[in-house]
Amino acid sequence: MKELITFNLNRKPVELNLDRDRILLWVLRTDLGLTGTKYGCGESYCGACTVLVDDEALRSCQITLNDIQNRSVVTIEGLANNGELHPLQKAFMENDALQCGYCTPGMIMNAYALLKKNPDPTEKQIMEGMEENLCRCGAYKRIVEAIQAAARVMGGFEHEKK
Amino acid sequence: MKKNNDLDLDFTDRLMDFQVSRREFIKIAGGGIFIFMTIGDIPIWAQQRRDRPSLPTDFNAFLQINEDGRVACFTGKIEMGQGIVTSLAQMLADELDVALDSVDMVMGDTDLCPWDMGTFGSMSTRFFGPPLRAAGAEGRQILVELAAEHLNRPVDQLLTENGMVYDRSDREKKVTYAQLARGKKISRHASGKVPLKTPDQFKIMGDPILRRDALEKVTGRAKYAADIQLPGMLYARILRPPSHDAKRIAVDLSEVQQIEGIQVIEDKDLIAVLHHSPDFAEKALSKIKASYDTPKSDLNEVTIFDHLLKVAPEGELVAENGDIQKGKKEASMVFEQIYLDGYKAHAPIEPHGAVVNVEGDKVTIWPSSQTPFRVKDEVAEALGISSNNVRVISPFLGGGFGGKTRNLQVIEAARLSKLTGKPIQVAWTRQEEFFYDSFRPAAIVKINSGLDKNGQTCFWDYHVFYAGERGSQHFYSIPNSSTVYYGSGWGGGPGTHPFATGAWRAPANNTNTFARESQIDIMAAAAGVDPVEFRRQNLTDKKMRSVLEAAADKFNWKPATAPSKRGYGVACGIDAGTSVAMMVEVDVDRETGKVMVKRVVCAQDMGLAINPQGATIQMEGCITMGLGYALAEDLRFSGGQIHDHNFDTYEIPRFSWLPKIETVIIDAKNETPQGGGEPAIITVGGAIANAIYDAIGVRMFQLPMTPARIKDSMAKG
Ligand code: FES
Ligand code: FES
């Protein structure tokens, strides 16, 4: 049954008249045309579909519109602010942290939430925080380096300064 | 054809409606300077087909120096993460003396680009590189000749820089490429006679350059097949059998036909549900009741090896030298071993996808495919139309690794689009991807080898079943040896593999290198010689010796006979013309059997590395991906029924597996570029197997080396 769903998407209010049990991933990709969020496994194992819901990284293949009612969703398309790339996006580019790029949006969104929670992560904490995101091209090494670089730019990485 | 901005792809519209002759083609393509190139041999059948491609067929790539000074390279190759959109542009920019950002790469569009057989086998840089550079050099020469006339100066007085031609002695006398190309219609087939730049003249090649596709990929703008959305497009979900050998005996569509907004298509074997949202299509699919007859099969990941040996075809000789029988007589120690390797999935994070739009007799396709020109022919055949009416536009590929040379999903989408008259998207689920993949074949290697009383390898008798030939040949100096392969590893007749098999990153070579390098280590240990030293003693191949030494240096390898308890392992291999030596350090948990790879050093001689940064990243990717086939990946099945449906049971490498990776690229600037996207993966299995032996004195004869198998082998002693 269709209902009015209201939430914030990439900093703009959105109203949708849709079934509230629709999977967020498909609504984003098809109804809203935001195809940066990828399907990789559909069952929570790969992280390609990761988005931010109130700054928490969630797998959009596992949540429904019901779960985001009145909350704030950010996708990869909304990460840059006023045309200025987010430090993570820049760091992924500068550190060559991608190959085919298919896992990249999910990696960046997950890393965003990770740095939000812990602006000053150790390498080990980065690996643990990213563990459930898969990259078949094997870009892990540079993804870790990119996250470290972004953390530095964003003012974290206190443990290095000490 | 209108420029389609919503799709954000490079749809250059000016080259539509090609005629066949090159002269005609130039007329349509507009002004500027054209250089055509032929890469390798164009197969006769491509030239002679009645249904020939609409572009002229005596070249398979070309570049255009436009009247605005921009340079475009048209090639049927595609970008799937290997970075050729960057490295090919680098070569061109350097030979032509233009800025890298003035080069546009137009790739994988079958209407704009000449025929190409596909992107695989580490061939793009290797075979494409030299003619591309030659074309660039030729283009530069034409520009200099034009400038000589324009500036009224002799050719040898001129120099080129950044899209300009200058007078050497008076730099105020200059003319831009744009000025020179304006109003011109010049075309030439690259003669290959113009000298290429020498490495000391490179400004762009050989320098690390960031990827040109990075911005699109970090902003979510990069389009992959399933990201293509056309007005009125429907998403298809297709009814699948539970097993490859299942026969459908009954199907009940009555419930699904009641669902509002769902279109049900039944066409021979194909039953699909369509909806403008994929999730609705998915739900509807679950309402179809079908029953199948599935024959019983005893084949599974354990019994497959006996089966394959039983059905193996006659062997074919790959190479031989000396006399094995003579070598056997000289042997004082003989080693006879069997190595096994299970099926592996390609498992790119992007599953196969395609959008097909059949409009009247015109067909446009956006596939995730490594072989766009094959797609064109396959779809034409499936729909019974001329391939001249089919256009394939290649989006980015979310990984291929050989798996996207097969295009079943495109045929499905094409059939459905034709039946409905609407654009159709078929995007496989992860489970479909694990079902219709063309898996890396299970394989067996039997090696019989011997050492003479001086500890030298005196014979080598090698038989590989179903992996394929690539990498089966050893490169050691062994006086008597023979290499035979049985079954190619591509497909295999009925009654061999229970499902499709095909090329998987460095096909055959992972299995062959694992077997060969394990066997070499066994002999080294028996001879009481350090494994690196043993290889050195048996190697005359200079290139291989130098990579082995470079790796040993970087690793700081100290000689010791295995098992030294240090957990060090080494392996060497050759793939796509590139020599690789790898050293690893592992930790084996004796309680759980779990292997942790702590450190990997890989040295590689790939000739001239066009983009060393790109090459390094490919090596890191190979090493990381290789951990999977070495330690975990093993498809489980019963007959044609696949038991792995997703990444929960089919484990691929993840962050926590990441070892410290160090890479060395041998500086071989004067050598021809060789493959870089695959070689470093071939040594991962062998190096880890040898390191496990070094750590715990237990030899692993089967890939993957899972904790269970390691514990098993430990128990057996
Ligand atoms: S698609 Fe959602 S976790 Fe893989
Ligand atoms: S870059 Fe290809 S899957 Fe991560």
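### Some points on the overall build of chain B
Next, step 1: The secondary structure content of chain B amounts to 19 helices and 29 strands.
Next, step 2: Computed over its C-alpha atoms, the radius of gyration of chain B comes to 28 Å, within 12% of the 27 Å expected for a compact globule of 717 residues.
Next, step 3: If you line up chain B on its principal axes, its C-alpha atoms span 80 × 80 × 45 Å.
Next, step 4: Taken over 717 residues, chain B has a buried fraction of 63%.
Next, step 5: Just so you have it, chain B exposes about 26600 Å², and 49% of that area is on carbon and sulfur atoms.
Next, step 6: The centroid of the 82 positive side-chain charges in chain B is displaced by 1 Å from the centroid of its 91 negative side-chain charges.

### Re the confidence of the model for chain B
Residues and elements named next belong to chain B.
Next, step 1: In the predicted model, chain B carries a mean pLDDT of 89, and the fraction of residues at 70 or more is 91%.
Next, step 2: For residues 1-20, every residue scores under 50 in pLDDT, and the model assigns this stretch 53 contacts once sequence neighbours within four places are set aside.
Next, step 3: Segment residues 41-57: pLDDT under 50, and 36 contacts once partners within four positions in sequence are set aside and those in other chains are kept.
Next, step 4: For this predicted complex, the interface score ipTM comes out at 0.96, while the overall pTM is 0.92.

### Points about the packing of aromatic side chains
Residues and elements named next belong to chain B.
Next, step 1: For the structure on display, the rule yields 22 aromatic pairs over all chains.
Next, step 2: Between the aromatic rings of F555 and W557, the centroid separation amounts to 5.7 Å while the plane-to-plane angle is 45 degrees, which identifies the pairing as tilted. Across this residue pair, the class does not change: F555 and W557 are buried.
Next, step 3: Put simply, the rings of Y343, F439, F499 and F637 pair up and form one aromatic cluster.
Next, step 4: Positioned above the aromatic ring of F280, the side-chain terminus of K283 is 5.7 Å from the ring centre.
Next, step 5: Directly above the ring of F555 sits R599, whose terminal nitrogen or CZ lies 4.5 Å from the centroid.

### Considering the pairing of strand β24 (residues 578-588) of chain B
Residue and element names in this part refer to chain B.
Next, step 1: Counting buried residues along β24, 10 of its 11 residues qualify, which places the element largely inside the surrounding structure.
Next, step 2: Note that strand β23 (residues 568-575) and β24 share eight bridges and pair antiparallel. What sits directly across from G573, in β24, is V580.
Next, step 3: Following β23, the chain reverses through two residues before pairing antiparallel with β24; A576 in that reversal takes a positive phi of roughly 50 degrees.
Next, step 4: With 10 bridges joining them, β24 and strand β25 (residues 595-605) adopt antiparallel strand pairing. When the bridges of β25 are listed, V584 appears paired with V600.

### What about the interface of chain A and chain B?
Next, step 1: Listed as interface residues are 51 residues of chain A and, on the opposing side, 58 residues of chain B.
Next, step 2: Summed over both sides, the interface of chain A with chain B buries roughly 4500 Å², with 59% coming from carbon and sulfur.
Next, step 3: Our count for the chain A to chain B interface comes out at seven salt bridges.
Next, step 4: On inspection of chain A and its partner chain B, the count reaches 29 residue pairs in polar contact (both at pLDDT 80 or more).

### What about the side chain of S579 of chain B?
All names here are of chain B.
Next, step 1: Looking at the secondary structure, you find S579 in strand β24.
Next, step 2: Exposure remark for S579: the relative accessible area of 3% places this residue in the buried category.
Next, step 3: If sequence neighbours within four positions are ignored, S579 has contacts with K543, M544, V547, G573, I574, A603, Q604 and D605.

### Looking at the sheet that holds β23 of chain B
Residues and elements named next belong to chain B.
Next, step 1: One open sheet holds the four strands; their spatial order is β23-β24-β25-β28, and the pairing between them is mixed. Edge positions in the sheet fall to β23 and β28 (660-665), since each has one partner strand and no second. Direction aside, the axes of adjacent strands within the sheet are offset by 15 degrees on average.
Next, step 2: Inspection of the sheet shows β25 paired to β28 by six bridges, in the parallel sense. Of the residues in β28, the one forming a bridge with R599 is K660.

### Quick notes on the nonpolar core
Next, step 1: One finds F92 and I147 of chain A together with L416, V586, I688, I692 and M705 of chain B to be the most contacted residues of the largest nonpolar core, which totals 180 residues.
Next, step 2: L143, L146, L151 and L158 of chain B belong to the second largest nonpolar core, which has 44 residues in total.

### Observations regarding the sheet that holds strand β2 (residues 61-65) of chain B
All names here are of chain B.
Next, step 1: As summarised here, the arrangement of the five strands in space is β4-β3-β2-β1-β8, forming an open sheet in which the pairing is mixed. Since the sheet does not close on itself, it has two edges, and those belong to β4 (103-107) and β8 (185-189), each with one partner. Averaged over all adjacent pairs, the angle separating strand axes in this sheet is 15 degrees, with direction ignored.
Next, step 2: Two strands pair when backbone bridges link them, and strand β1 (residues 32-37) and β2 are joined in this way by five bridges, in the antiparallel orientation. The partner of M37 across the bridge, within β2, is A61.
Next, step 3: Its contacts with the sheet put helix α3 (residues 84-96) on β2, β3 (71-75) and β4, and the angle it makes with β4 is roughly 135 degrees.

What counts, and at which threshold
Residues numbered from 1 in each chain as written. Chains lettered and ligands numbered in written order. Predicted model: local features only at pLDDT ≥ 70, side-chain atom pairs only at ≥ 80, totals over all residues. Heavy atoms only, no water. Helix = DSSP H or I, 4+ residues; strand = E, 2+ residues; numbered from the N terminus. Rg over C-alpha atoms; globule rule 2.2 N^0.38 Å. Buried < 20%, exposed > 50% of the residue type's maximum accessible area, 1.4 Å probe, protein only. Areas by Shrake-Rupley, 256 points an atom, 1.4 Å probe, with all protein chains shown as cover. Lys, Arg positive; Asp, Glu negative; His and termini not counted. Charge placed at Lys NZ, Arg CZ, Asp CG, Glu CD. pLDDT = per-residue confidence, 0-100. Contact = heavy atoms within 4.5 Å. Phe/Tyr/Trp six-rings, centres within 6.5 Å; stacked < 30°, edge-to-face > 60°. Lys NZ or Arg CZ within 6 Å of the ring centre and 35° of its normal. Pairing = 2+ DSSP bridges. Buried area = accessible area lost by both parts, 1.4 Å probe. Salt bridge = Lys/Arg side-chain N within 4 Å of Asp/Glu carboxyl O. Polar contact = N/O pair within 3.5 Å; in protein donor to acceptor, adjacent residues only side chain to side chain. Axes fitted to C-alpha atoms, helices over the stretch in contact; angles between N-to-C directions. Core = buried A, V, L, I, M, F, W, Y, C linked by side-chain atoms within 4.5 Å.

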